[in-house]
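Okay, here's what each chain looks like letter by letter:
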Amino acid sequence: MIDLKELRDHPDRFRNGVRDKCMEVDIDRLLALDEARRAILARQETARAEQNRLGKETGPKMGALKTKLKGAIGEEKSQLERELAELEQKPAVLKAEVQECEARINAIEPEWRSLWMQVPQPPSDDVPKGKGADDNVEIRRWSPTGWDFNKSFEANRGFKPRTHLELVKMHGLVDFERGVKMSGTRHYVMWGLGMRLHQAVLRYAVDFMADRRGFSPMGVPVIVKEECMVGTGFFPAGREQAYHIEESARGSGHDLFLTGTGEVGLMGLHADEILPLESLPLKYCTVSTCFRREAGAAGKDTAGLYRIHQFDKVEQVVVCRADEAESRAWHAQMIETVEMILQSLGLAYRLLQCCTGDLGVKNEDMIDIESWMPGRGEIGADGAPTGAFGETHSASRLNDFQCRRLNLRYKDETGKMRFAYALNNTVIASPRVLIPLLEMHQQADGSVVVPEVLRPYMGGIARIG
RNA sequence: GGUGGGGUGGCAGAGUGGUUGAAUGUACCGGUCUUGAAAACCGGCAGGCCCGUCAGGGUCUCGAGGGUUCGAAUCCCUCCCCCACCGCCA
């Protein structure tokens, strides 16, 4: 969430942010509610101050009177009662005032809070303006030797490509029918070498992060309380996207949600903590199962491994001090990490600078990395798919938006309390990444060459089929 | 799931209606002493929000929420969590 003081001082920054992100949040309404709330709060606090002062002054006196009253009779008793009534009058008026203020604040707060939570992090100045994914700007592309983006798959490789759907069927790597039988649409079963390839890719990515990047591998909960979802910025906007475990409806405990990314567990870890300055930056990675309802995506990418309800992902996050330059440096390192991994896997890809309209509420900058998937896209004149890029990674800078919500802070060298900056990035998501992997490494006979870096994780197997 | 105990500041631990945001210890930071260190002594040491240019002031926070009261860490209600033992179990 954003800093309300900052909003009051520079409302236009946030109005523009909302506009550029193509969102709709009534900033003026929020400002009006905020002002009203503060005015009432001030009144209430004045009344309370008076109440406290009186309490200290006359409180003990009243206590003494009441004690005396217990043993008193007749004229003395009524005299004491009168004194007491007089003393009680003033606090009673103040109490009514405090309560009235409280009622009015309670009436305002739900809308105030709800609007506040919806205000997005304004995009960085250098993020190109745009309405949506179509306005994203390609930064660069890379392809392994022997692969030319300007040529068709057949022109590159000398044979027509099979789609990953055909390949997994051919080699028995994935069983969609039984997945659907058990769990419904967009479910699947990883099978045999398919499962081993899936695991190999994940293990390779975790080891890469731990051994070559010095990140701490973690195992974090994938079932979390609502606070974690709100704190990490996925709620309220993404509520429909998460599976909801209604424990409260059973009359026990609290509701839980399945996380759609390891980011939730990694960032929720230090919620409400004040981190020692020396502990920064935090560099964490995790491999976790991710659950997504894909609400609103009905009919989109219905076939294959592209859009599924459950998958596994290696995610990295960095929590660093509130420093723009440092945050940008980590962002660059994250992107470099992804490029190193994709290159080592022999996959072709491009980097996209996401435009303002394609950013979410919580990020100020995002780079998407799309891998080339030969089996994707339209069917060409030769009857083979033309191929297309498909998103496999994204790396975001969140400024202090997420740590503010999580209440994750540190004391800087001057002793000042600050919200940390956060970043997150997909290291690898599988089985989606198996799409380009299988399709790019397929041979004319349909066999698939396993990239060298994965072989140690596959018991030395160099080829599938 | 059953029974019992408990949630107070970084930690430990007082505190059962009235200057208690909270004693005391410890940790931590600064200082004195010392060749240096330790010890000892002195001082400092919670966050949020609001007002204020500053100095500073006000308010809230003792698991969470509600209630009683002129006044609640202290009394009442609801919920959450933790610990111990038993049962079950990957």
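Residues numbered from 1 in each chain as written. Chains lettered and ligands numbered in written order. Predicted model: local features only at pLDDT ≥ 70, side-chain atom pairs only at ≥ 80, totals over all residues. Heavy atoms only, no water.

Undergrad: What exactly am I supposed to notice about the overall build of chain A here?
TA: Assigned secondary structure in chain A consists of 13 helices and 18 strands. In terms of overall dimensions, chain A is more spread out than a globule: its C-alpha atoms have a radius of gyration of 29 Å, far above the 23 Å expected for 465 residues. With the C-alpha coordinates of chain A rotated into their principal frame, the extents come out at 115 × 45 × 45 Å. Split into buried and exposed, the 465 residues of chain A put 49% on the buried side. Within chain A, contacts between residues at least 6 apart in sequence are counted, and of these 71% link residues at least 24 apart. Where the 63 positive side-chain charges of chain A centre and where its 69 negative ones centre are 2 Å apart. (Helix = DSSP H or I, 4+ residues; strand = E, 2+ residues; numbered from the N terminus. Rg over C-alpha atoms; globule rule 2.2 N^0.38 Å. Buried < 20%, exposed > 50% of the residue type's maximum accessible area, 1.4 Å probe, protein only. Contact = heavy atoms within 4.5 Å. Lys, Arg positive; Asp, Glu negative; His and termini not counted. Charge placed at Lys NZ, Arg CZ, Asp CG, Glu CD.)

Undergrad: Teacher, can you tell me more about the layout of surface pockets here?
TA: Over the atoms rolls a probe the size of a water molecule, and in doing so it shows where empty space is left. Space inside the second largest pocket adds up to approximately 340 Å³. Lining the second largest pocket we find 18 residues, and of these Asp 3, Asn 399, Asp 400, Arg 404 and Arg 418 sit closest to its centre. Broken down by secondary-structure element, the contributors of at least two residues to the lining of the second largest pocket are α1 (4–9), α2 (11–20) and β15 (417–419). Class assignment for the residues of the lining of the second largest pocket results in 7 nonpolar, 2 polar and 9 charged. (1 Å grid on protein atoms, 1.4 Å probe; cavity = no way out; pocket = protein on both sides within 12 Å on 5 of 7 lines; lining within 4 Å. Points joined across faces, edges and corners; volume = space filled by probe spheres on them. Nonpolar A, V, L, I, M, F, W, Y, C, P; charged D, E, K, R; others polar.)

Undergrad: Can you help me understand the packing of aromatic side chains in this one?
TA: Taken as a whole, this structure holds 10 aromatic pairs when the rule is applied. Aromatic pair Trp 112 and Trp 116: ring centres 5.3 Å apart, planes at 45°, arrangement tilted. Of this pair, Trp 112 and Trp 116 both sit in helix α4 (residues 74–118), 4 residues apart, which is roughly one turn of the helix. Like Trp 112, the residue Trp 116 is buried in the burial classification. Measuring from ring centre to ring centre gives 4.9 Å for Phe 235 and Phe 257, while their planes differ by 90°; the resulting arrangement is edge-to-face. Taken together, the residues span a long stretch of sequence, with Phe 235 in the loop between α9 (226–231) and β6 (244–245) and Phe 257 in strand β7 (residues 256–258) at a distance of 22 residues. Given a relative accessible area of 1%, Phe 235 falls into the buried group. Residue classification places Phe 257 among the buried residues on the basis of a relative accessible area of 1%. Connected via pairs of aromatic rings, a cluster forms that spans Trp 147, Phe 153 and Phe 159. For the cation-ring pair, Arg 141 lies above Phe 149, with the distance from its terminal atom to the ring centre recorded as 4.8 Å. (Phe/Tyr/Trp six-rings, centres within 6.5 Å; stacked < 30°, edge-to-face > 60°. Lys NZ or Arg CZ within 6 Å of the ring centre and 35° of its normal.)

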